[in-house]
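Each chain, written out:
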Amino acid sequence: MASSDVVQYRSPARRLVEILTVVFLAVYLVWTVLPLFIMFVSSFKDLLEAFKLPPTGDWAGAWVFFDFTPTVQHYVDLFADNNFGTYLANSIIASLGSALISVVFGAMAAYSLSRIEFRGKRDLFFWIISTRMAPVVAVMVPLYAIFRGAGLVGTLPGLILAYTTFNLPFAIWILKGFFDNVPYAIEEAAMCDGCTRFQAFREILPLVAPGIGAFLVLCVLFAWNDFLFASIIGSGGAKTLPVATKELVQPQNIQWGKIMAAGVVTTAPMMFLGLLIRRYLVTGLTMGAVRE
Amino acid sequence: MASVKLSNVWKMYGQTEAVRDLNLTCADGEFLCVLGPSGCGKSSTLRMLAGLEHISAGDIYFGDKRVNDLPPKDRDIAMVFENYALYPHKTVYENIANSLRLRRMDKALIDQKVKKAAAMLEIEPLLDRRPAELSGGQKQRTAIGRAIVREPQLFLFDEPIAHLDAKLRAHMRGELKIMQRDLGTTMIYVTHDQLEALSMADHVAVMHEGVLQQFGTPHEIYSQPVNEWVAGFIGEPPMNFVDCEMVEEGGSLCLTHPHFTQVLTEAQAAIVRAKDPAGQRQVRLGVRPDEIAVLAEALDEGIKARVLVTEPLGGDMLVDLALGDSKLLAKTKPDFAGQRGDECSLTFDRNRWHVFDRASGLAYF
Ligand SMILES: Nc1ncnc2c1ncn2[C@@H]1O[C@H](COP(=O)(O)OP(=O)(O)OP(=O)(O)O)[C@@H](O)[C@H]1O
Ligand SMILES: [Mg+2]
C-alpha cells in the first residue's frame with residue numbers, strides 16, 4: 001500500500017504557507033489557552049492581587065500578573081460556604097445519568113432500526129431526528145409546563161429526563177450508523193452458535209464500542225456544559241455547576257475569586273476526560289466512515 | 001444426529017421465488033450436496049434449514065420433529081457461512097470456543113476441544129490472532145473449526161471453500177470428506193462447484209432457478225442426467241449438444257443429422273418407443289467430449305468433421321471440431337495429429353450418449 005504521507009514539493013509559496021500556518025497556530029493557541037490560564041492563575045489570588053495594575057502600561061508590567069502569594073481560600077470557601085460539593089455531585093449525576101440512559105436506550109433503538117425492516121421505518125426514523133431540529137428554547141416553555149405538572153422541576157430525575165429528551169434522538173441517529181456498519185452475518189453466526197437474538201446483539205456490542213464510547217462523552221459534555229435546562233428545569237433542588245457559578249454574580253458583589261475557582265472546578269474534569277479518551281474519541285468518530 | 005426432510009418448501013423474497021416447491025431428504029449421517037449455479041436458491045435453502053430465514057411455505061423436519069418455528073439456537077446446527085462471518089473482535093481461539101462458552105462448558109474441556117479442532121485444521125499457531133490478521137484460507141478453516149467443535153446434529157456448509165486457491169481447495173475437499181466420515185454427522189453442503197459435489201457427496205441435489213432438477217448419487221447425476229440442463233451443467237468440459245431428427249428406419253431407430261446418421265441400440269430404442277410411441281421426433285443428442293473418439297484421417301465409415309483448433313492440456317488434448325454449422329468439443333490424447341482445417345472422422349460412444357426431447361428438454365435416456 002502507498003504510504004499515507006502527502007508528498008510535498010519545496011517552493012516559495014509553500015514556505016510562506018508554512019510560516020503563516022505557524023503564526024496562525026500561535027495566535028490561535030494564545031487565543032484559546034490564555035483565558036483558561038488567566039482563570040486558573042487568578043483563582044489562586046486574593047481580590048486585591050487579582051486586580052493589581054502595573055504603574056505604566058508597557059510590556060514590562062506583565063510581570064505584575066505573576067506577583068502574588070498563592071492562596072486556596074476561594075476553593076475552601078466554595079466548598080465550605082457555597083455547597084459546591086453538592087453542585088458538583090449534581091452535575092456528575094445529571095450528566096452521567098442522562099448519558100447512560102441515552103446510550104442504553106439509544107443503542108437498543110438504533111439496533112432495531114438498523115436491523116429490522118418494518119412499515120413506516122423511514123418515517124419513524126425521520127420523526128426521531130426531527131425532534132432535534134427545533135431549537136431548545138422553542139420547546140423550553142411547554143417542557144417546563146409538563147415537568148411542573150409532573151412534579152419534576154427542581155429534581156435530579158427531572159434534569160436527567162430533560163437531558164435524555166435531547167440526547168436520546170441524537171444517540172439513536174449516531175449509533176444507527178455504527179450498527180449499519182456491522183455485518184448482520186456476525187449476529188447470524190452468533191445465533192447459530194447458540195445465542196438468542198438479544199445475546200447476539202450483546203455479542204456485537206464490542207464492535208460498536210468506540211462509537212458508544214465517543215457518544216457517551218458527547219452526551220456527558222452536553223449535559224455538563226448546559227445552562228438553560230439546569231437553570232430552568234433544575235432550578236431549586238438540582239442546581240448544577242454552571243448555575244451555581246452564575247449565582248456568584250450578585251448585584252452588589254461579584255465574587256471574582258470564587259468565580260474563577262468555580263470555573264476551574266467546572267472545566268478541569270472535562271479537560272481531563274478529554275485527554276483521557278482523546279484517542280478513543282477520534283477513532284470512534286471516524287470509524288463509521290472507514291470500516292467496510 | 002438426525003435425518004433432514006424438506007417437504008414442499010418455498011422461499012419468496014417479495015415477488016422473487018428463490019426456492020420453489022423443494023422436496024429433499026437427507027438420511028442420518030449422510031453427506032448431501034446442493035449444487036447449482038449462482039442465484040439458484042442454494043443459500044436460501046440452507047438459511048431456511050438454519051432458521052435464519054422464514055420458510056414461506058412447506059415444512060422442514062429434523063428427524064420426526066418439525067423445526068419451522070424453532071430459532072437457530074434450538075436447532076442444534078452448526079453453520080459455515082459463505083463469507084465466514086467470524087467475530088472480528090475475537091481471536092481465533094475465542095471464535096472457535098464461543099459456542100462452547102455459551103453452553104457454559106467446563107474451561108478445561110473447552111480448551112481440549114478447541115485444541116483438537118485446531119490441530120485437525122492445522123491452525124494451532126494462529127489461535128491468538130484476530131480474523132483481520134488471517135489469510136482467506138485461514139479464515140475459512142477457522143470458520144469450519146467453529147462449526148466442528150460443536151458436535152451438532154447437523155452441519156450446514158455454504159460454499160466454505162469457494163474462495164480458496166485451486167490447490168488448497170483440492171486439499172480441503174479431501175479433508176472435509178474425511179472429517180464428515182469421522183464425525184458421522186449429517187452434512188448439507190452448498191456449492192456451485194460440480195467437482196466438490198461429485199467428489200464429496202453421498203447424494204447430490206442439483207438446483208436451477210429455485211427448482212430441484214435432479215436428486216441422486218454423484219454417479220447417477222453424471223451418467224443419467226434427467227434433463228438437458230443437468231447434462232449441460234455437470235461435466236467439465238461440458239457436454240456437446242447436436243440437434244437431430246429421430247426416425248424409424250428398417251426396424252431400428254436412427255438419429256439423422258445433415259452430416260451423419262446414427263443407429264440407437266436396441267435397449268435405447270425400446271426406451272424411446274415405450275416413453276412416447278409417436279413417429280417422428282425432434283431430439284437433441286448429447287455426447288460428452290470424452291465419449292467422442294477422433295481420428296486424424298477421414299475414414300469412410302466415421303462422421304466427417306473439420307478441426308477448428310486444438311488445445312493441449314498436458315495429459316489430454318481438447319479438439320474443437322466443426323460439424324456443418326454446429327461445433328463439437330472432443331477430448332483425446334495429446335498425440336492427436338490433426339491440424340487446423342484438417343478433415344477428421346469421429347465416432348460417438350453409443351452406450352454412453354444421451355438423447356433429449358428438444359421441446360421439453362427431458363432425457364429419454
Ligand atoms: N434478501 C433477499 N431479498 C431479495 N431477494 C433475495 C434475497 N436473498 C436472495 N435473493 C434472491 O433469491 C435468489 C436465490 O438467492 P440465493 O442467495 O439463495 O442464491 P445462491 O444459490 O446461494 O447463489 P450464490 O451461489 O451466488 O450464493 C436470487 O435470485 C437472489 O437474487
Ligand atoms: Mg449463496
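Residues numbered from 1 in each chain as written. Chains lettered and ligands numbered in written order. Predicted model: local features only at pLDDT ≥ 70, side-chain atom pairs only at ≥ 80, totals over all residues. Heavy atoms only, no water.

**Quick notes on the environment of Ala145(A)**
Moving on, step 1. Tracing the backbone through its elements, the reader meets Ala145(A) in helix 6 (residues 136-149).
Moving on, step 2. Along the chain, Ala145(A) and Ile233(A) lie 88 residues apart, while their C-alpha atoms are 9.8 Å from each other. (Helix = DSSP H or I, 4+ residues; strand = E, 2+ residues; numbered from the N terminus.)

**Concerning the site of ligand 1**
All names here are of chain B.
Moving on, step 1. Every residue close to ligand 1 is listed here: Tyr13, Ala18, Ser38, Gly39, Cys40, Gly41, Lys42, Ser43, Ser44, Glu82 and Glu159.
Moving on, step 2. In this structure, Ser38 approaches ligand 1 through a side-chain N or O atom, which is 2.5 Å from an oxygen atom.
Moving on, step 3. In this structure, an oxygen atom belonging to ligand 1 sits 3.2 Å away from a main-chain N or O atom of Cys40.
Moving on, step 4. When isolated, ligand 1 has an accessible area of 630 Å², and the protein chains bury 60% of it. (Near = heavy atom within 4 Å. Polar contact = N/O pair within 3.5 Å; in protein donor to acceptor, adjacent residues only side chain to side chain. Areas by Shrake-Rupley, 256 points an atom, 1.4 Å probe, with all protein chains shown as cover.)

**Here's the deal with the pairing of strand 19 (residues 343-348) of chain B**
Moving on, step 1. Across four bridges, the pairing between strand 15 (residues 292-295) of chain B and strand 19 of chain B is antiparallel. Looking across to strand 19 of chain B, one finds that Val294(B) is bridged to Leu346(B). (Pairing = 2+ DSSP bridges.)

**Description of the domain arrangement of chain A**
All names here are of chain A.
Moving on, step 1. When cut into domains, chain A gives domain 1 (12-71) and domain 2 (75-285).
Moving on, step 2. A straight line from the C-alpha centre of domain 1 to that of domain 2 covers 34 Å.
Moving on, step 3. With eight residues of domain 1 at the contact, the number on the domain 2 side is nine residues.
Moving on, step 4. Counting the surface lost from both domain 1 and domain 2, the interface buries some 670 Å², and carbon and sulfur atoms represent 83% of this.
Moving on, step 5. Taken as a group, Leu36, Met39 and Ser43 account for 57% of the area that domain 1 buries against domain 2, more than any other trio of residues on that side.
Moving on, step 6. Among the elements that line the side of domain 1 that touches domain 2, the one with the most residues is helix 1 (residues 12-42), at four residues.
Moving on, step 7. Of the residues assigned to the side of domain 1 that touches domain 2, the class counts are six nonpolar, two polar and no charged. (Domains from an automatic or database assignment. Contact = heavy atoms within 4.5 Å. Buried area = accessible area lost by both parts, 1.4 Å probe. Nonpolar A, V, L, I, M, F, W, Y, C, P; charged D, E, K, R; others polar.)

**Section: the interface of chain A and chain B**
Moving on, step 1. Facing 15 residues of chain A, the contacting portion of chain B comprises 21 residues.
Moving on, step 2. Of the roughly 1,500 Å² buried where chain A meets chain B, counting both sides, 64% is carbon and sulfur surface.
Moving on, step 3. Where chain A packs against chain B, one counts two salt bridges.
Moving on, step 4. Glu188(A) is the partner of Arg47(B) in a salt bridge, and the nearest nitrogen-oxygen pair spans 2.7 Å.
Moving on, step 5. For the pair chain A and chain B, the number of links is eight residue pairs in polar contact (both at pLDDT 80 or more).
Moving on, step 6. Elements with a minimum of two residues in the side of chain A that touches chain B: helix 8 (184-193) and helix 9 (197-225) of chain A.
Moving on, step 7. When residues of the side of chain A that touches chain B are assigned to their parent elements, the largest contribution, eight residues, is made by helix 8 of chain A. (Salt bridge = Lys/Arg side-chain N within 4 Å of Asp/Glu carboxyl O.)

**A closer look at a nonpolar patch on the surface**
Residues and elements named next belong to chain A.
Moving on, step 1. A cluster of nonpolar side chains, Leu29, Val30, Val33, Leu34, Phe37, Ile38 and Phe66, forms an exposed patch at the surface whose accessible area comes to about 620 Å².
Moving on, step 2. Within the element layout of this structure, Phe66 appears in the loop between helix 2 (47-50) and helix 3 (73-81).
Moving on, step 3. The class of Phe66 is exposed, set by a relative accessible area of 51%. (Patch = residues over 30% accessible without salt bridge, like charges linked within 9 Å, V, L, I, M, F, W, Y side chains within 5 Å. Buried < 20%, exposed > 50% of the residue type's maximum accessible area, 1.4 Å probe, protein only.)

**Brief notes about the sheet that holds strand 7 (residues 154-158) of chain B**
Residue and element names in this part refer to chain B.
Moving on, step 1. With respect to topology, six strands assemble into an open sheet ordered 6-7-8-3-9-10, the strand pairing being mixed. Looking at the sheet topology across the chains shown, the edges are occupied by strand 6 (77-80) and strand 10 (211-216). Taking each pair of neighbouring strands and ignoring which way they run, the sheet shows an average axis angle of 15 degrees.
Moving on, step 2. Here five bridges tie strand 3 (residues 31-35) to strand 8 (residues 186-191), and the two strands are oriented parallel to one another. By the bridge assignment, Cys33 is partnered in strand 8 with Tyr189.
Moving on, step 3. Of the strands in this sheet, strand 6 and strand 7 are in contact with helix 4 (residues 136-148), which crosses strand 6 at around 175 degrees. (Axes fitted to C-alpha atoms, helices over the stretch in contact; angles between N-to-C directions.)

**Quick notes on the pattern of salt bridges**
Moving on, step 1. In this structure the tally under the stated criterion is 24 salt bridges over all chains.
Moving on, step 2. A salt bridge links Arg20(B) to Glu17(B), with the shortest nitrogen-to-oxygen separation between them at 3.3 Å.
Moving on, step 3. Here the residues in one salt-bridge network are Glu188(A), Arg47(B) and Glu53(B), joined through shared partners.

**Observations regarding the nonpolar core**
Moving on, step 1. Counting residues in hydrophobic clusters, the biggest one holds 74 residues, and the most contacted among them are Phe179(A), Leu49(B), Ile60(B), Phe62(B), Leu156(B) and Ile188(B).
Moving on, step 2. Contacts of Phe179(A), omitting those with residues within four sequence positions, involve Ala107(A), Ala110(A), Tyr111(A), Ser114(A), Arg115(A), Phe201(A), Ile204(A), Leu205(A) and Val208(A).
Moving on, step 3. Counting residues in each nonpolar core, the second largest holds 44 residues, with Val92(B), Val149(B), Ala201(B) and Phe233(B) among its members. (Core = buried A, V, L, I, M, F, W, Y, C linked by side-chain atoms within 4.5 Å.)

**Here we look at the state of the cysteines**
Moving on, step 1. Taken as a whole, this structure holds zero disulfides over all chains when the rule is applied.
Moving on, step 2. In this structure Cys195(A) is not part of a disulfide, and its nearest cysteine sulfur, from Cys192(A), lies 10.0 Å away.
Moving on, step 3. You can call Cys195(A) buried: its relative accessible area is 2%.
Moving on, step 4. Left unpaired, Cys26(B) is separated from the closest cysteine sulfur, that of Cys33(B), by 10 Å. (Disulfide = S-S within 2.5 Å.)

**Let's talk about the packing of aromatic side chains**
Residue and element names in this part refer to chain A.
Moving on, step 1. Following the criterion strictly, the structure yields 23 aromatic pairs over all chains and no others.
Moving on, step 2. A ring pair is formed by Phe65 and Phe66, whose centres lie 5.1 Å apart and whose planes are at 90 degrees; its orientation type is edge-to-face.
Moving on, step 3. Judged by relative accessible area, Phe65 falls into the partly exposed class, the value being 23%.
Moving on, step 4. With a centroid separation of 5.6 Å and 75 degrees between ring planes, the pair formed by Tyr111 and Phe179 is classed as edge-to-face. Of the two residues, Tyr111 sits in helix 4 (residues 84-115) while Phe179 sits in helix 7 (residues 156-180), which places them 68 residues apart along the sequence. For the pair Tyr111 and Phe179, one class covers both residues: buried.
Moving on, step 5. Grouping aromatic residues by their ring pairs yields a cluster made of Tyr111, Phe179, Phe198 and Phe201.
Moving on, step 6. Sitting over the face of the ring of Phe65, Lys45 holds its NZ or CZ atom 3.8 Å from the ring centroid.
Moving on, step 7. The ring of Phe170 carries the charged tip of Arg132 above its face, separated from the ring centre by 5.2 Å. (Phe/Tyr/Trp six-rings, centres within 6.5 Å; stacked < 30°, edge-to-face > 60°. Lys NZ or Arg CZ within 6 Å of the ring centre and 35° of its normal.)

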